[in-house]
Amino acid sequence: YDAQTSRYRFTLVGDNVSATSTVPQSEAWDLPQNCVRINVSAGGPWQALLGSGGNQKDISGFYALSFRIRADRETDSDLFIQLQDNPLYSEEKLSATLGLVENGYIGSPRIGPEWQRAVIPVADFLKSIQEFNVTQLGQMIFSGVGAEPVTFWISDIVFHVNPGELEKETLPMTAAKR
């Protein structure tokens, strides 16, 4: 997230993916500048890397990552998420790759047109790697297989310090009116 421009920064991998960092209000969960749209066409694996190494975040004391997600239609495609650190003087490390549907991080067996909340414990990202530098998170990597065309919207990405903070999160005024 670039605080100066109020936009997310993307790096895209694959000829079948594009992304928009600020969407119209009618597409957003709450504020358009907190929502991104990822358009995927059929054609193979894709990645959308959100963030940059120059804008690191310390997630060492955080309990979970949450965000809102929806798709343009009900889809059989899972959305995967992975974290990448960006230490100054050593090689970058990747966390475990976690599927939202596969691992039950959303409340239904598919991503569809209704907004759903994804909640992923930070510890789940770190289960398979010991050397991940949680004090220097560089990027979040969203990915998929590109088996079918689909558009995803991801909004309000937040790291939470404890389970109680997750419970306090409320519906934004704009979403509650829909």
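Before reading further, recall that the structure is shown in the block above.
Residues numbered from 1 in each chain as written. Predicted model: local features only at pLDDT ≥ 70, side-chain atom pairs only at ≥ 80, totals over all residues. Heavy atoms only, no water.

Caption draft 1: Layout of the sheet that holds strand 10 (residues 150–160). Taken in spatial order, the five strands make up an open sheet running 2-3-10-5-8, and their pairing is antiparallel. Both edges of this open sheet fall to strand 2 (17–20) and strand 8 (116–121), since each of them pairs with a single strand only. Each adjacent strand pair in this sheet contributes to an overall mean axis angle of 25°, direction not counted. (Pairing = 2+ DSSP bridges. Helix = DSSP H or I, 4+ residues; strand = E, 2+ residues; numbered from the N terminus. Axes fitted to C-alpha atoms, helices over the stretch in contact; angles between N-to-C directions.)

Caption draft 2: Region of interest: the nonpolar core. Ranked by internal contacts, the top residues of the largest apolar core, which has 36 residues, are Phe67, Ile81, Leu100 and Phe142. Within the residue set of this core, elements represented by two or more residues are strand 3 (35–40), strand 4 (46–51), strand 5 (64–71), strand 6 (80–85), strand 8, helix 1 (122–126), strand 9 (137–144) and strand 10. A total of five residues in this core trace back to one element, the largest contributor, which is strand 10. Ignoring sequence-local partners within four residues, the contact set of Phe142 consists of Ile38, Trp46, Gln47, Ala48, Leu50, Phe67, Leu79, Phe80, Ile81, Ile154 and Ile157. (Core = buried A, V, L, I, M, F, W, Y, C linked by side-chain atoms within 4.5 Å. Buried < 20%, exposed > 50% of the residue type's maximum accessible area, 1.4 Å probe, protein only. Contact = heavy atoms within 4.5 Å.)

Caption draft 3: Just the side chain of Thr75, in detail. For Thr75, the position within the fold is in the loop between strand 5 and strand 6. Residue classification places Thr75 among the buried positions, given a relative accessible area of 2%. Not counting residues within four places of it along the chain, the set of residues in contact with Thr75 comprises Arg110, Ile111, Glu148, Val150 and Phe152.

Caption draft 4: Inspection of empty space enclosed by the protein at higher detail. For the structure shown, the criterion picks out one cavity of 30 Å³ or more. Taken as a whole, the largest cavity encloses approximately 40 Å³ of empty space. The wall of the largest cavity is formed by Val40, Trp46, Ser77, Asp78, Gly144, Val145, Gly146, Glu148, Val150 and Phe152. Here the lining of the largest cavity is composed, by residue class, of five nonpolar, three polar and two charged. (1 Å grid on protein atoms, 1.4 Å probe; cavity = no way out; pocket = protein on both sides within 12 Å on 5 of 7 lines; lining within 4 Å. Points joined across faces, edges and corners; volume = space filled by probe spheres on them. Nonpolar A, V, L, I, M, F, W, Y, C, P; charged D, E, K, R; others polar.)

Caption draft 5: Molecular detail of the side chain of Asp85. On the secondary structure map, Asp85 appears in strand 6. Buried within the structure, Asp85 lacks any salt-bridge partner; Lys93 is the closest side chain of opposite charge, at an N-O distance of 6.9 Å. A distance of 2.6 Å separates the side chain of Asp85 from the backbone nitrogen of Lys93, its partner in a polar contact. Of the polar contacts made by the side chain of Asp85, one reaches the backbone nitrogen of Asn133; its length is 2.8 Å. Discounting residues that sit within four places of it in the chain, Asp85 has contacts with Glu91, Glu92, Lys93, Glu131, Phe132, Asn133, Gln136, Leu137 and Gly138. (Lys, Arg positive; Asp, Glu negative; His and termini not counted. Salt bridge = Lys/Arg side-chain N within 4 Å of Asp/Glu carboxyl O. Polar contact = N/O pair within 3.5 Å; in protein donor to acceptor, adjacent residues only side chain to side chain.)

Caption draft 6: Summary view of the pairing of strand 5. Of all eight residues in strand 5, eight are buried; the element is thus mostly enclosed. With burial as the criterion, each face of strand 5 is covered, one bearing Ala64, Ser66, Arg68 and Arg70 and the other bearing Leu65, Phe67, Ile69 and Ala71. By the bridge criterion, six bridges tie strand 5 to strand 8 in an arrangement that is antiparallel. Pairing of Ser66 across the sheet is with Val119, part of strand 8. In this structure, strand 5 lies alongside strand 10, joined through seven bridges in antiparallel fashion. Residue pairing across strands places Arg68 opposite Ser155, the latter belonging to strand 10.

Caption draft 7: Fine view of the packing of aromatic side chains. Going through the model one piece at a time under the given rule, you end up with three aromatic pairs. When the centroid spacing of 5.9 Å and the interplanar angle of 65° are considered together, the rings of Phe62 and Phe159 count as edge-to-face. Taken together, the residues span a long stretch of sequence, with Phe62 in the loop between strand 4 and strand 5 and Phe159 in strand 10 at a distance of 97 residues. Their ring planes at 85° and their centres at 5.8 Å tell us that Phe67 and Phe142 sit as a pair that is edge-to-face. Of this pair, Phe67 sits in strand 5 while Phe142 sits in strand 9, and the two are 75 residues apart along the sequence. (Phe/Tyr/Trp six-rings, centres within 6.5 Å; stacked < 30°, edge-to-face > 60°.)

Geometric descriptors of this kind do not, in isolation, establish any biological role.
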